[in-house]
Amino acid sequence: MNADPRFTSLFWTVWRRNLRVYRRIWAVNFLPPILEPLFYIVAFGLGFSGLVSDVTWHGEPMGFIRFFAPAMVAVSAMWQAFMETTYSSFVRMFYQKTYDALLATPLSLEEIIVAEIVWGATRSLIAAGLMLAVVALLGYAPSPQALLVLPIALLGGLTFGAIGMATTSITPSIDMFNIPVFLVITPMFLFSGTFFPIDALPPAAAPIAAAMPLYHLAELCRAACLGRLNAWSLVNVGALVGYFVVFIPLALAGMRRRLVR
């Protein structure tokens, strides 16, 4: 086992291994990124659009579904990266013993873990691309800036991939992932400016929602789809980068404690 901290381009070999597995079951992986957020758009967007008046986003009034649909692109990116680096990574680590096999090669632990996070971000990119196509076909991504959703989703995937891997490093069993999912990820999904502007939250809760990584990802995806990206969007980019910078060393250190004996 290579226990020395080291990082080289060998991490791409792990990424390619995950890609080959993904291509074998592509049909199963292809439909959920499209269908799940699409169901939300139909159920909440179209269903509520006749009941909810226009919402105001940064001083601009707009229809509810126009506000809501781009956020589903961010949500799909979040779920793909987090689930890939929690449940899927845990299965590879604990049940399939894939990490043990990889550590018996010249690969370092850092290369394996970074590859897992980058693969999670790749899943986010794929899901966001598919979802963006759906949102654009429905007419809710009219701006050419919408293409920038793809690098935005990749950045968001890296952020949530690092958060997911840090979570995996301290989770004792696969059932325990229910705790961060229901106590952290689900509240973010509901209250981070996805279904309604955070201005509607109580004064004490709005700053908490604004600090969540999904809020910044949703803000960027919405701004790109509507052609509103500007210098202030760099604040959202900086927040996602900041979360990544904080959680990537936590993920690497936690996985090293867990795997290197």
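Residues numbered from 1 in each chain as written. Predicted model: local features only at pLDDT ≥ 70, side-chain atom pairs only at ≥ 80, totals over all residues. Heavy atoms only, no water.

Participant: Is there a simple way to explain the overall build of the protein chain in this structure?
Facilitator: What the protein chain contains, in helices and strands, is ten helices and two strands. A compact globule built from 261 residues would reach a C-alpha radius of gyration of about 18 Å, and the protein chain, at 19 Å, matches this within 12%. Projected onto the principal axes, the alpha-carbon positions of the protein chain cover approximately 60 × 40 × 35 Å. Buried residues in the protein chain amount to 50% of all 261 residues. Here the protein chain displays about 11,900 Å² of accessible surface, and carbon together with sulfur accounts for 72% of that area. Computed over 16 positive and 12 negative side-chain charges, the inter-centroid distance for the protein chain is 9 Å. (Helix = DSSP H or I, 4+ residues; strand = E, 2+ residues; numbered from the N terminus. Rg over C-alpha atoms; globule rule 2.2 N^0.38 Å. Buried < 20%, exposed > 50% of the residue type's maximum accessible area, 1.4 Å probe, protein only. Areas by Shrake-Rupley, 256 points an atom, 1.4 Å probe, with all protein chains shown as cover. Lys, Arg positive; Asp, Glu negative; His and termini not counted. Charge placed at Lys NZ, Arg CZ, Asp CG, Glu CD.)

Participant: Whenever I open this one, the side chain of Thr159 confuses me. Can you help?
Facilitator: Summarising the element assignment, Thr159 is placed in helix H6 (residues 149-170). In contact with Thr159, not counting residues within four places along its chain, are Pro213, Leu240, Tyr243 and Phe244. (Contact = heavy atoms within 4.5 Å.)

Participant: I tried to follow the nonpolar core on my own but got confused; where do I start?
Facilitator: As a rule of thumb, soluble globular proteins bury nonpolar side chains together. The biggest cluster of nonpolar side chains holds 46 residues, and the ones touching the most others in it are Ile41, Met78, Val135, Phe160, Leu214 and Leu217. Mapped by element, the contributors of at least two residues to this core are strand E1 (55-57), helix H3 (64-95), helix H5 (109-137), H6, helix H7 (178-191) and helix H9 (213-226). At 15 residues, H3 tops the list of elements feeding residues into this core. Among residues more than four places away in sequence, those in contact with Met78 are Phe160, Ile185, Met188, Phe189 and Leu214. Core analysis: the second largest hydrophobic core is formed by 28 residues, Phe90, Tyr99, Met165 and Ile174 among them. (Core = buried A, V, L, I, M, F, W, Y, C linked by side-chain atoms within 4.5 Å.)

Participant: Hey, could you run me through the pattern of salt bridges in this one?
Facilitator: A side chain with one charge can pair with a side chain of the opposite charge if their charged atoms come near. Considering all chains together, one arrives at seven salt bridges under this definition. The salt bridge partner of Glu60 is Arg228, with a shortest N-O separation of 2.6 Å. Of this pair, Glu60 sits in strand E2 (residues 60-62) while Arg228 sits in the loop between H9 and helix H10 (233-259); the two residues are 168 residues apart in sequence, bridging distant segments of the chain. As a salt-bridge pair, Glu84 and Arg92 come within 2.9 Å of each other at their nearest N and O atoms. Judged by its relative accessible area of 9%, Arg92 falls in the buried class. (Salt bridge = Lys/Arg side-chain N within 4 Å of Asp/Glu carboxyl O.)

Participant: Explanation requested: the confidence of the model for the protein chain in the structure shown.
Facilitator: Low-pLDDT portions of the prediction should not be read for the details of their coordinates. Scored by pLDDT, the protein chain has a mean of 91; 95% of the residues are at 70 or more. Predicted confidence in the protein chain is weakest over helix H2 (residues 26-49), with a mean pLDDT of 73, and strongest over H6, with 98. (pLDDT = per-residue confidence, 0-100.)

Participant: Just to check I follow, could you spell out the environment of Thr122 for this structure?
Facilitator: In this fold, Thr122 is placed in helix H5. With a relative accessible area of 14%, Thr122 lands in the buried category. Separated by 31 residues in the primary sequence, Thr122 and Ala153 have C-alpha atoms spaced 9.0 Å apart. Residues in contact with Thr122, not counting those within four places in the same chain, are Trp15 and Leu154.

Participant: Honestly, a nonpolar patch on the surface in this entry has me stumped. Any pointers?
Facilitator: On the surface, Met176, Ile179, Leu183 and Val184 cluster together into a nonpolar patch covering about 360 Å² of accessible area. With respect to the element layout, Ile179 can be found in helix H7. Given a relative accessible area of 42%, Ile179 falls into the partly exposed group. (Patch = residues over 30% accessible without salt bridge, like charges linked within 9 Å, V, L, I, M, F, W, Y side chains within 5 Å.)

Participant: Explain the packing of aromatic side chains here, please?
Facilitator: Aromatic ring pairs are described here by two measures, namely the spacing of the ring centres and the angle between the planes. With the rule as written, the count across this model stands at 15 aromatic pairs. Ring geometry for Trp12 against Trp15: centres 5.4 Å apart, planes inclined by 80°, an arrangement best described as edge-to-face. With Trp12 and Trp15 both in helix H1 (residues 11-24), this residue pair falls three residues apart, about one helical turn. With a relative accessible area of 36%, Trp12 lands in the partly exposed category. On the accessibility criterion, Trp15 (17% relative accessible area) is buried. (Phe/Tyr/Trp six-rings, centres within 6.5 Å; stacked < 30°, edge-to-face > 60°.)

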